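# Observations on the three-dimensional arrangement
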Amino acid sequence: AAQSDVPHQVAVNPTTGQLEHASPTALPAYPGGMMGFAWSPDSRRVVYTRWSGGVSVFAADTRTLTSLDLAGDDAYQAWWSADGREVVYYTGDMPSLTGQLKAIDLSTGHIRTLFPPMLGWNFSLSADGRRMSFLRAASRAAPIEAVVAETGQPEGVTVAGPDADGSRVSSAVLPAMSPRGDQVLFVRQSTGGNPGGANEANALWLVGSDGTGARRLATARVITNARWDPSGRFIALTARQDSAGLVLRVIEAATGVERDRMV
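Residues numbered from 1 in each chain as written. Predicted model: local features only at pLDDT ≥ 70, side-chain atom pairs only at ≥ 80, totals over all residues. Heavy atoms only, no water.

## Observations concerning the overall build of the chain
- Per the secondary structure count, the chain includes 0 helices and 25 strands.
- The globule rule puts the C-alpha radius of gyration for 263 residues at 18 Å, and the 18 Å found for the chain is close to it.
- With the principal axes as the frame, the chain shows a C-alpha extent of 50 × 45 × 30 Å.
- Evaluated residue by residue, the chain yields a buried proportion of 46% over its 263 residues.
- For the chain, the proportion of contacts with a sequence separation of at least 24, taken over those separated by at least 6, is 33%.
- Total accessible area on the chain is roughly 12,700 Å²; 50% of this is exposed by carbon and sulfur atoms.
- A distance of 2 Å separates the average location of the 23 positive side-chain charges in the chain from that of its 25 negative side-chain charges. (Helix = DSSP H or I, 4+ residues; strand = E, 2+ residues; numbered from the N terminus. Rg over C-alpha atoms; globule rule 2.2 N^0.38 Å. Buried < 20%, exposed > 50% of the residue type's maximum accessible area, 1.4 Å probe, protein only. Contact = heavy atoms within 4.5 Å. Areas by Shrake-Rupley, 256 points an atom, 1.4 Å probe, with all protein chains shown as cover. Lys, Arg positive; Asp, Glu negative; His and termini not counted. Charge placed at Lys NZ, Arg CZ, Asp CG, Glu CD.)

Following this line, the structure appears as structure tokens:
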């Protein structure tokens, strides 16, 4: 979760998915202008993305923060490679709705391009980096689709689009690929004909990477983020039901049972 651009952590039982109800503690040494963060596979490092461009890596054992230059790229989102040697990041041009994935080697600073710019944004990767999900629209006025494809391939399976009830795929929340790459989380918005009004609601959906088995997991006035735990058993989401603050909710993916909540 993030509170006022300050990243926080709270303990969760990995077997039950229950929150430990300890007070959230701020992660140390986060940079100014933080956009987001991601833990390394061994949970010993945190990568932060910054509004000013670039990424920073905090090492828990040495308590040091190292900033990395991305040669002018803006890193909107970032993930760790499976071996922890690289940070993969999404960069792109929002006016043209195009994006791409690149990777920076943490020991050498070398940047490699995983694929050239393509129509899409809000990319998300499976744990092994072989499969990705992303959002796509032909234009700013066109309907948004959630797509699953092999990493670097411009075409794939459309797993979500406009629904018959008038709800639409949210452009504000990324589609979150499961660690195994077999399922995707995405958010639908139902505006009741009044975007931003009192009737607007968000729903968190889960769908197979082949587009089958879609089911709704949770609803809220606003859903700001959704993440998988490394095992793929639980989903953490931050949501707001009314004018109160954000709440952290933990849901079991297989059953949809909500384990706990914490403000």
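Right, picking up where we left off after that structure.
## Quick look at the sheet that holds strand β13 (residues 121-125)
- The strand order across the open sheet built from 4 strands is β13-β14-β15-β16, with neighbouring strands paired in antiparallel fashion. A strand with exactly one partner marks an edge of an open sheet, and here the two such strands are β13 and β16 (157-160). Averaged over neighbouring strand pairs, the angle between their axes works out to 30° when direction is ignored.
- Here strand β15 (residues 145-150) runs beside β16; their pairing, made up of 3 bridges, is antiparallel. (Pairing = 2+ DSSP bridges. Axes fitted to C-alpha atoms, helices over the stretch in contact; angles between N-to-C directions.)

## Concerning the side chain of Asp 73
- Looking at the secondary structure, you find Asp 73 in the loop between β7 (64-68) and β8 (77-80).
- A polar atom in the side chain of Asp 73 sits 3.0 Å from the side chain of Lys 102.
- In this view, Asp 73 contacts Gly 53, Gly 54, Tyr 89, Thr 91 and Lys 102; residues no more than four positions away in its chain are not counted. (Polar contact = N/O pair within 3.5 Å; in protein donor to acceptor, adjacent residues only side chain to side chain.)

## Some remarks on the nonpolar core
- Core analysis: the biggest nonpolar cluster contains 29 residues, and Trp 79, Leu 101, Trp 121, Phe 123, Met 132 and Phe 134 have the highest contact counts within it.
- When residues of this core are traced back to their parent elements, those giving at least two are β9 (86-93), β10 (98-105), β13, β14 (131-136), β15, β16, β19 (183-190) and β20 (201-208).
- With 4 residues, β15 is the largest single contributor of residues to this core.
- Other than its neighbours up to four places away in sequence, Trp 121 contacts Tyr 90, Met 94, Leu 97, Phe 134, Leu 135, Arg 136, Ala 137, Ile 144 and Ser 171.
- The next biggest cluster of nonpolar side chains, apart from the first, holds 17 residues, and it includes Leu 185, Leu 217, Ala 220 and Ala 253. (Core = buried A, V, L, I, M, F, W, Y, C linked by side-chain atoms within 4.5 Å.)

## Some thoughts on the sheet that holds β7
- Read from one edge of the open sheet, 4 strands run β4-β5-β6-β7, paired in antiparallel fashion. Of all strands in the sheet, those bounded by a partner on one side alone are β4 (34-39) and β7. When the angles between neighbouring strand axes are averaged without regard to direction, this sheet yields 20°.
- When β4 meets strand β5 (residues 45-50), the two strands line up antiparallel, connected through 5 bridges. Its bridge partner lying in β5, Met 34 is registered against Arg 50.

## With respect to the pattern of salt bridges
- Counting across every chain of the model gives 9 salt bridges.
- In this structure, Asp 73 and Lys 102 form a salt bridge, with 3.0 Å as the shortest nitrogen-oxygen distance. With a gap of 29 residues between them, Asp 73 in the loop between β7 and β8 and Lys 102 in strand β10 connect regions that are remote in the sequence. The two residues Asp 73 and Lys 102 agree in class, both being buried.
- For Glu 258, the salt bridge goes to Arg 249, with nearest N and O atoms at 2.9 Å.
- Beyond isolated ion pairs, a larger network of salt bridges with shared partners links Arg 136, Glu 145 and Glu 155. (Salt bridge = Lys/Arg side-chain N within 4 Å of Asp/Glu carboxyl O.)

## As for the environment of Val 12
- If you trace the backbone, Val 12 turns up in the loop between β2 (6-9) and β3 (25-26).
- Through-space distance from the C-alpha of Val 12 to that of Asp 229 is 10.0 Å; in sequence the pair is 217 residues apart.
- Look past the residues within four positions of Val 12 in its chain and what remains in contact with it is Gly 17, Gln 18, Leu 19 and Glu 20.

## Quick word on the packing of aromatic side chains
- Using the criterion set out here, one finds 5 aromatic pairs in the structure.
- Ring geometry for Phe 115 against Phe 123: centres 5.7 Å apart, planes inclined by 50°, an arrangement best described as tilted. Per residue, the accessibility class of Phe 115 equals that of Phe 123, and both read buried.
- Counting every residue linked through ring pairs, the aromatic cluster contains Tyr 76, Tyr 90, Phe 115, Phe 123 and Phe 134. (Phe/Tyr/Trp six-rings, centres within 6.5 Å; stacked < 30°, edge-to-face > 60°.)

## Focus: the confidence of the model for the chain
- When the pLDDT values of the chain are averaged, the result is 86; 90% of them are 70 or greater.
- Contacts of residues 193-199 to residues separated by more than four positions or lying in other chains number 6 contacts, the stretch itself having pLDDT below 50. (pLDDT = per-residue confidence, 0-100.)

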